[in-house]
Amino acid sequence: MTQSPNFHLETLAVHAGVEPDPQTGAVMTPIYQTSTYAQADVAQHKGYEYSRTDNPTRTALHGALAALEGGHYALAFASGMAAIDTILRLIKPGEHVLSGNDVYGGTFRLFDKVLSGYGIEFTFADTTAETAVAAAMQPNTKLVWLETPTNPMLRLTDIAAMSQIAHAAGAWLGVDNTFASPALQNPLALGADFVVHSTTKYIGGHSDVVGGAIVLNDTAVYNQLKFLQNAIGAVPGPLDCFLTLRGIKTLAIRMAQHCRNATLVAQFLADHPAVAEVIYPGLDSHPQYELAQRQMKGPGGMISFILHGGEAAARRVARDTQLFTLAESLGGVESLIELPAPMTHASVADSPLAVDPGLVRVSVGIENAQDLIDDLKRVLNQL
Ligand code: P1T
């Protein structure tokens, strides 16, 4: 496809990065299941020499990811954590990273339990409050890191405001855009320097592949990251790239249905007497409803809630729903339910980031909304 900045997301999702195969005309990019490439003479190759460095199926995925986020460059990784880790390799011992204080448990674990052991200094601050971030900046701050919406509290951060604070201090802004997906929010356009995805989630969309991505505009930093991608080697295999490319084609219509369904489920939960609090950016009870309206094209498919019955009730609901499968992860076509405190965020226990043990998180899938509501109603009515 001839790339044009004027194409809409629905069109980019179907076409970006993918050209008919030059050899055969195959419409879908083949799974180039090869580790190496024949060379005509020493160091004379057709752009590919070894599949850790480059692989044609991965090249197509890079093109699609860059287009979706409106960035010049994208790099795909074996997981979301591998993508985040590779960005953090740009930070040197003695430098400081200011991270949001409500992030995926694995991100906190990487920062606090792994990278701080290599001399990188981390501070965790409330990025929803600009004053808290400005106060926590240090002369050696090199990177401000945030999720919006956050996992699992669904708090929002004003990306444009945060990029001003970071850039005024000479720091980069990295935004983990996993929860919104590129269909609902494009952080580069709001001033972020890096966008990261766990492509395991909405981008892949079918709970059948683990992957990660970085998208950015700066050529010099891209070259550094491309070097690191090859040097470290946490790359996705060709089948994983193919599955992710296939998932991307329906991103726009999946996200529209996730948003529609989650809005209806959130409204149902908010009206149910067993539910004490519903956190969803599409409800006007969300403390940052106005920012959600301004910054996001839709409220997303993730809902967190707390029951009057606390942790015991939360465990019963997570165990007894049938359409909502009790499982970690999110963003697939099927609805999932989990308790962050003992599951996805177990690694923040005993830290200032600890999560309420009664918090329930649901990833609302693309099933029929009434079926999903009936499933929750049956279980909530028994509490
Ligand atoms: O699982 P992986 O592809 O390595 O991605 C890590 C990651 C990064 N960023 C965010 C916001 C995430 O939610 C995740 C993974 N999260 C889950 C597995 C989860 O259930 O929350």
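Keep in mind the model is a prediction, meaning the values are calculated, not measured.

Caption draft 1: Representation of the site of the ligand within the structure. Around the ligand lies a shell of 18 residues, among which Asp176, Ser198, Thr200, Ser329 and Arg361 are the nearest. Arg361 places a polar side-chain atom, nitrogen or oxygen, 2.8 Å from an oxygen atom of the ligand. Relative to its unbound accessible surface of 470 Å², the ligand loses 92% to contact with the protein. A class-by-class count of the residues in the shell around the ligand yields four nonpolar, nine polar and five charged. The two domains that each donate at least three residues to the shell around the ligand are domain 1 (9–248) and domain 2 (252–380).

Caption draft 2: Structural detail: the pattern of salt bridges. Counted under the stated rule, the structure contains 10 salt bridges. Where Asp112 meets Lys113, a salt bridge forms, and the shortest distance between an N and an O atom there is 3.2 Å. Given a relative accessible area of 31%, Asp112 falls into the partly exposed group. For Glu338, the salt bridge identified is with Arg361, shortest N-O distance 3.2 Å.

Caption draft 3: Looking closely at the environment of Glu19. Within the element layout of this structure, Glu19 appears in the loop between helix H1 (9–15) and helix H2 (56–69). For the pair Glu19 and Ala60, spaced 41 residues apart in sequence, the C-alpha to C-alpha distance is 8.1 Å.

Caption draft 4: A look at the layout of surface pockets. Of the voids in this model, the largest pocket is the one considered here, and its volume is about 490 Å³. Of the residues belonging to the lining of the largest pocket, the class tally is 10 nonpolar, four polar and three charged.

Caption draft 5: Looking closely at the pairing of strand S5 (residues 172–176). For S5, the buried fraction is high: five of the five residues fall into the buried class. Residues Trp172, Gly174 and Asp176 of S5 are buried on one face, and the alternating residues Leu173 and Val175, pointing to the opposite face, are buried as well. Relative to S5, strand S4 (residues 141–147) runs parallel, the two being bridged by five bridges. Within S5, the residue paired with Glu147 across the bridge is Asp176. Sheet topology places S5 next to strand S6 (residues 194–198); three bridges connect them, and they run parallel. Bridge pairing in S6 places Val175 opposite Val195.

Conventions and cut-offs
- Residues numbered from 1 in each chain as written.
- Predicted model: local features only at pLDDT ≥ 70, side-chain atom pairs only at ≥ 80, totals over all residues.
- Heavy atoms only, no water.
- Near = heavy atom within 4 Å.
- Polar contact = N/O pair within 3.5 Å; in protein donor to acceptor, adjacent residues only side chain to side chain.
- Areas by Shrake-Rupley, 256 points an atom, 1.4 Å probe, with all protein chains shown as cover.
- Nonpolar A, V, L, I, M, F, W, Y, C, P; charged D, E, K, R; others polar.
- Domains from an automatic or database assignment.
- Salt bridge = Lys/Arg side-chain N within 4 Å of Asp/Glu carboxyl O.
- Buried < 20%, exposed > 50% of the residue type's maximum accessible area, 1.4 Å probe, protein only.
- Helix = DSSP H or I, 4+ residues; strand = E, 2+ residues; numbered from the N terminus.
- 1 Å grid on protein atoms, 1.4 Å probe; cavity = no way out; pocket = protein on both sides within 12 Å on 5 of 7 lines; lining within 4 Å.
- Points joined across faces, edges and corners; volume = space filled by probe spheres on them.
- Pairing = 2+ DSSP bridges.

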